[in-house]
Amino acid sequence: MSIQISHINKRFENFTALSDINLTIPDGELVALLGPSGSGKTTLLRIIAGLEEADSGTIYFNGEDTTATHVRDRGVGFVFQHYALFRHMSVFENVAFGLRVRPKETRPSEEEIKERVHKLLKLIQLDWIANRYPSQLSGGQRQRVALARALAVEPKVLLLDEPFGALDAKVRQELRQWLRSLHDEIHITSVFVTHDQEEALEVSDKIVVMNQGKIEQIGTPEEVYDRPANPFVYSFLGNVNLFHARVEQGSLHLENTALNTPDLGASKEASLFVRPHEINISVDNAEGSGIEAKLIGWRLVGPRVRVELETLKEHQKVEAEISKSEWQNIKAHENESLFVHFESARIYTGEALWNDYVI
Amino acid sequence: MQTEHRLEPKWLKPLLLGITLLFLGVFLALPLGVVFSEALAKGWKVYFESISEPDAIAAIKLTLLVVIITVPLNTIFGVATAWLIAKFEFRGKGILITLIDLPFAVSPVIAGLIFVLLFGSSGWLGAWLGEHDIRIVFATPGIILATLFITSPFVAREIIPLMQEQGTDEEESALTLGATGWQTFWKVTLPNIKWGLLYGVILSNARAMGEFGAVAVVSGHIRGVTTTMPLHVEILYGEYLFTAAFAVASLLTLLALLTLVLKSFIEWRIGKKRSLAH
């Protein structure tokens, strides 16, 4: 089922949670709503579910206006960050709940309920804990039960609010992949909210980046990561070094060093965005156009080394991520002047114009 | 076994234990013993006669009637208020929470007086009530009203924090799964608060049976008509009928002990639930 969101506005007292949101989610896609806290992503999800009411605007399911439809009748499955399992019911009863509360005419028989619940428990690979209570399960198991419970009523749309937010890193990683393969299996239109860019990049078909109640960019993970629409999207999708530079005689000047950029036109202020892995460090500035800096710290992060430097002229902190072999080379010159080079970067000149810069 | 950390001097624990036991002995165990020994001082026959004479029976019946009416009403009121406070956002919530506690803050005698001033023959509504031949003060309705007022906070107080802690996620879950509001209440909300609710009901019940101050003001002390058990005890005592007074008092004491046992059982259940959840 496709979802169409049209001109949705929502205010809480003096706070604008959503302003004029327009979004179409095609049938069968897995879409991530990605943004920092307060960006309105959860509010939008709750409005799609019918748990929250928009001040204005319309929600269509398959082209049909569902704005006024009660949450009970919308046919959405909702998964909460903190699982929200019924704590006094066994796993089996939790999953069966949606079937048991149906009016007599549409309620399946006891055998059918049993069969369907066990089928779902098999799907989440938890058939063996049907008689346990939520308090006896691990976080990852609870969230899988919550998902099975939501799927039991055969929803047309699956909505997940930070589904892995309360889990530890390893379980989160596993569940992500599991959700992705589950979606490939059942192809239900799904929307999940997350503030974790990695999660959004890894799991979703499409990412909707949100900030301050507005949509900043909609695109596939590749599009959003490789061609961010603006500085916000760029800095939100990973660590980034931001430099303030000037364009003079067409090229970019940073700390009195001219960079090899394409012609940027008239003189103006510019911002330079560089990801830590796009930075090279050299000891001799053989290639030229390196910015002089000194080493102030380093840390091993798994197979890579995160190096912190400070530029000599303007004392700006620079974070770089390099391989171990490169680090061995630099470490020998730890106390000398080093040179920072940009392998690639993005230049923002405030005219809603992005320029790629590649050496 | 817990390891004992010797941070305090050795004599502190026995000293504190001694003080506590002495206090409990003098102010609780001793009076409890006195109640039963006085009640049975003239033998079982007198004891049973004292609690089966018509006025005593009337007092017991009236007390039970008050309990049967006030406890369910306050349970409904408590659940409704707690639900409102815990699950909805609205202006003036803080004031409402304070107001719920008002009966705890007001002296019971004042509470009784309020009803006399409202419904008494010279009270605000007295003339109108007189015309329509409705008696509230110095009659059973007054006693029920005063007890309702006094015991109204117990259930609400017990379950508001519980419901606030549990939030609205489970209810919202139930709704998205297609449950009606009614189904959500019976299958999700109520089971989650049942032990806290029962605890509140028991406290409310204990107070409804034992309330003296507010009831004394509105009752008018008409023997066999408007005397509840605590009032009956007082009347008997005032007439130097000590054995009879203690006999009826022993009934109230037994009810109190039963309440304590139930209360401990529920606390034990809640404790077990808590430890399961962690």
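Here, the structure is the one placed above.
Scoring rules and cut-offs
- Residues numbered from 1 in each chain as written.
- Chains lettered and ligands numbered in written order.
- Predicted model: local features only at pLDDT ≥ 70, side-chain atom pairs only at ≥ 80, totals over all residues.
- Heavy atoms only, no water.
- Helix = DSSP H or I, 4+ residues; strand = E, 2+ residues; numbered from the N terminus.
- Buried < 20%, exposed > 50% of the residue type's maximum accessible area, 1.4 Å probe, protein only.
- Contact = heavy atoms within 4.5 Å.
- Areas by Shrake-Rupley, 256 points an atom, 1.4 Å probe, with all protein chains shown as cover.
- Lys, Arg positive; Asp, Glu negative; His and termini not counted.
- Charge placed at Lys NZ, Arg CZ, Asp CG, Glu CD.
- Polar contact = N/O pair within 3.5 Å; in protein donor to acceptor, adjacent residues only side chain to side chain.
- Buried area = accessible area lost by both parts, 1.4 Å probe.
- Salt bridge = Lys/Arg side-chain N within 4 Å of Asp/Glu carboxyl O.
- Nonpolar A, V, L, I, M, F, W, Y, C, P; charged D, E, K, R; others polar.
- Pairing = 2+ DSSP bridges.
- Axes fitted to C-alpha atoms, helices over the stretch in contact; angles between N-to-C directions.
- Core = buried A, V, L, I, M, F, W, Y, C linked by side-chain atoms within 4.5 Å.
- Expected span 1.5 Å × (residues − 1).
- Bend = angle between axes of the 7 residues up to and from the residue.

A.B. asks: Teacher, can you tell me more about the overall build of chain A here?
C.D. replies: Counting its secondary structure elements, chain A contains 9 helices and 21 strands. Expressed along its principal axes, the backbone C-alpha trace of chain A runs to roughly 80 × 45 × 35 Å. A total of 359 residues make up chain A; the buried ones form 50% of that total. In chain A, once contacts between residues fewer than 6 apart in sequence are set aside, the share between residues at least 24 apart is 63%. Surface exposure of chain A reaches about 16600 Å², of which carbon and sulfur atoms provide 46%. Taking the average place of the 39 positive charges on the side chains of chain A and the average place of its 52 negative ones, the gap between the two points comes to 8 Å.

A.B. asks: Got a minute to help me understand the side chain of K93 of chain B in this structure?
C.D. replies: Residue and element names in this part refer to chain B. On the secondary structure map, K93 appears in helix α4 (residues 93-100). By relative accessible area, which is 14% here, K93 ends up buried. At a separation of 3.2 Å, a polar atom in the side chain of K93 contacts the side chain of E89. Discounting residues that sit within four places of it in the chain, K93 has contacts with I85 and F88.

A.B. asks: Could you clarify how one ought to interpret the interface of chain B and chain A in this entry?
C.D. replies: Accessible area lost upon the coming together of the parts serves often as the stated size of an interface. Counting from both sides, the interface comprises 20 residues of chain B and, opposite them, 22 residues of chain A. Both faces combined, the contact of chain B with chain A buries some 2000 Å², and carbon together with sulfur accounts for 58% of it. Viewed at the interface, chain A and chain B are joined by 2 salt bridges. Our enumeration of links across chain B and chain A arrives at 6 residue pairs in polar contact (both at pLDDT 80 or more). Elements with a contribution of two residues or more to the side of chain B that touches chain A: α10 (169-176), α11 (181-210) and α14 (242-277) of chain B. Per-element tally for the side of chain B that touches chain A: the top contributor is α10 of chain B, with 7 residues. Considered class by class, the residues forming the side of chain B that touches chain A number 8 nonpolar, 8 polar and 4 charged.

A.B. asks: So what exactly am I meant to see when it comes to the sheet that holds strand β15 (residues 279-282) of chain A here?
C.D. replies: Strands pair in a sheet through their backbones, by hydrogen bonds, and they do so in one of two ways: parallel or antiparallel. Residues and elements named next belong to chain A. With antiparallel pairing, the 5 strands of this open sheet are ordered in space as β15-β19-β16-β17-β18. Of all strands in the sheet, those with a lone pairing partner are β15 and β18 (317-323), marking the two edges. Neighbouring strand axes in the sheet, compared pairwise and without regard to direction, differ in orientation by 40 degrees on average. With 8 bridges joining them, strand β16 (residues 291-301) and strand β17 (residues 304-311) adopt antiparallel strand pairing. Considered in β17, the bridge of W298 is made with V307. Contacting β15, β16, β17, β18 and β19 (338-342), helix α9 (residues 324-331) crosses the sheet at an angle of about 120 degrees to β18.

A.B. asks: So what exactly am I meant to see when it comes to the nonpolar core here?
C.D. replies: Within soluble globular proteins, side chains that are nonpolar generally end up buried alongside one another. Judged by nonpolar contacts, the single largest core of 45 residues is most densely connected at V95, V145, L147 and L158 of chain A. Counting residues per element, this core draws most heavily on helix α4 (residues 139-152) of chain A, which supplies 7 residues. Formed by 36 residues, the second largest nonpolar core is a distinct cluster that contains A59, M163, A249 and L252 of chain B.

A.B. asks: Help me understand the pairing of strand β12 (residues 251-254) of chain A in this model?
C.D. replies: A regular strand places its side chains on the two faces of the sheet in alternate fashion. All names here are of chain A. Bridge analysis of strand β11 (residues 241-248) against β12 gives 3 bridges, and the strand direction is antiparallel. Paired with V247 across the bridge in β12 is L252. Hairpin remark: β11 followed by β12, antiparallel, with 2 residues in the connecting loop; positive phi at Q249, about 50 degrees. Of the pairings in the sheet, the one linking β12 to strand β13 (residues 257-258) comprises 2 bridges and is antiparallel in character. Note that in β13 the partner of L254 across the bridge is T257. Between the antiparallel neighbours β12 and β13 lie 2 residues, among them E255 with a positive phi of about 50 degrees.

A.B. asks: What should I look at first to understand helix α9 (residues 153-166) of chain B in this one?
C.D. replies: For an α-helix the count is 3.6 residues per turn, leaving residues at separations of three or four pointing the same way. Residues and elements named next belong to chain B. For α9, spanning 14 residues, the distance from its first C-alpha to its last is 20 Å, which sits close to the expected 20 Å at 1.5 Å a residue. Roughly 25 degrees is the biggest bend found in α9, and it falls at I159, with proline P161 one to four residues downstream. Within the span of α9, buried status applies to P153, F154, V155, A156, I159, I160, L162, M163 and Q166. At the C-terminal side of α9, G167 shows a positive phi close to 70 degrees.

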